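Examination of the molecular architecture
The residues making up each chain are set out below.
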Amino acid sequence: MIRAESVALVLLAAGRSRRFGDGDKLAHPLGGTPLALHVVEALAPMPFGARIAVVCDTKVDFAARGFSVVRNAAPEAGQARSLALGVAAARAAGVEAVLVALADMPRVTRHHVLRMLDEARGSGTLLASSEGDAPRPPALFGRDHFDALEALEGDRGARDLIRRGRLLLAPPGTLIDVDTPEDLAQLPHV
């Protein structure tokens, strides 16, 4: 187990959202709330040691929600660049682990993240979420993996690394990733 106070929440919010089309995908409303703020609100009660949002061109004000904002000036370098920036900021905050979440996954729950923290096993923790198929975010990385995360390149992010970790099953529908307007339109407004 690891305490939330020892963990940095690293929220990746700097994707180019090409499949979504024009506009700011993360600011697009879902049930009256910007898409990106659903995961922010779900995890707001958790006492993370740091909250870091890696952003590019969104209008969503993560700083107003208690996040340190790190700008990714090169989103074309892929998700790995955002991840490296977030982990570097987390390392500077002196945390023992990072919880990596995506701003376009509005159904992630606090309960699932609490279960992840309960399953953590020290500095070597490598734990990803799954709905019974492939590993996905949110993912929890102990500090032993910070160097590897900061050295990643390309758009695959930490995919290869999390495949070597343990999986924690999430309830069906919790790990929905909104990539297109159709994905957003199909989500129930809860």
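Residues numbered from 1 in each chain as written. Predicted model: local features only at pLDDT ≥ 70, side-chain atom pairs only at ≥ 80, totals over all residues. Heavy atoms only, no water.

**Considerations on the overall build of the protein**
The helix and strand inventory of the protein stands at six helices and nine strands. When its C-alpha atoms are laid out on the principal axes, the protein stretches across 40 × 35 × 30 Å. Here the protein holds 190 residues, and 50% of them are scored as buried. Restricting the contact set of the protein to residue pairs at least 6 apart, pairs at least 24 apart contribute 73%. When the accessible surface of the protein is split by element, carbon and sulfur atoms take 49% of a total near 8,900 Å². With 22 positive and 23 negative side-chain charges, the protein shows a spacing of 3 Å between the two charge centroids. (Helix = DSSP H or I, 4+ residues; strand = E, 2+ residues; numbered from the N terminus. Buried < 20%, exposed > 50% of the residue type's maximum accessible area, 1.4 Å probe, protein only. Contact = heavy atoms within 4.5 Å. Areas by Shrake-Rupley, 256 points an atom, 1.4 Å probe, with all protein chains shown as cover. Lys, Arg positive; Asp, Glu negative; His and termini not counted. Charge placed at Lys NZ, Arg CZ, Asp CG, Glu CD.)

**Let's talk about the pairing of strand β7 (residues 126-130)**
With respect to burial, β7 is a largely interior element, five of its five residues being buried. Going residue by residue along β7, you find L126, A128 and S130 tucked away on one face and L127 and S129 tucked away on the opposite face as well. Counting the residues between successive antiparallel strands, the hairpin from β7 to strand β8 (residues 136-142) contains five residues, one of them, G132, with a positive phi of roughly 100°. Pairing geometry for β7 and strand β9 (residues 166-169), over four bridges, is parallel. The residue of β9 that forms the bridge with S130 is L169. (Pairing = 2+ DSSP bridges.)

**Looking at unusual backbone geometry**
Across the junction of P137 and P138, the peptide omega takes the value -5°, indicating a cis bond. With respect to the element layout, P138 can be found in strand β8.

**Describing helix α2 (residues 79-92)**
For α2, spanning 14 residues, the distance from its first C-alpha to its last is 20 Å, which sits close to the expected 20 Å at 1.5 Å a residue. For α2, the set of buried residues is A80, S82, L83, A84, L85, G86, V87 and A90. In this structure, the buried residues of α2 make contact with β1 (7-13), β4 (50-55), β5 (68-71), β6 (97-102) and α4 (146-151). G94 lies just past α2 and shows a positive phi near 75°. (Expected span 1.5 Å × (residues − 1).)

**Describing helix α3 (residues 110-119)**
Side chains three or four residues apart in an α-helix point the same way, a direct result of the helix having 3.6 residues per turn. All of the buried residues along α3 are H112, V113, M116 and L117. Seen end-on, α3 carries its buried residues on one side only, within an arc spanning 140°. For α3, the elements touching its buried residues are β1, α1 (37-43), β6, β7, β8 and β9. (Arc of directions from axis to C-beta.)

**Brief notes about the sheet that holds β9**
If you trace the seven strands from one edge of the open sheet to the other, you get β5-β4-β1-β6-β8-β7-β9, paired in mixed fashion. Strands with a single pairing partner mark the edges of an open sheet, and in this sheet they are β5 and β9. Direction aside, the axes of adjacent strands within the sheet are offset by 20° on average. In the packing of α3 onto the sheet, the strands contacted are β1, β6, β7, β8 and β9, and the crossing angle to β9 comes to about 145°. (Axes fitted to C-alpha atoms, helices over the stretch in contact; angles between N-to-C directions.)

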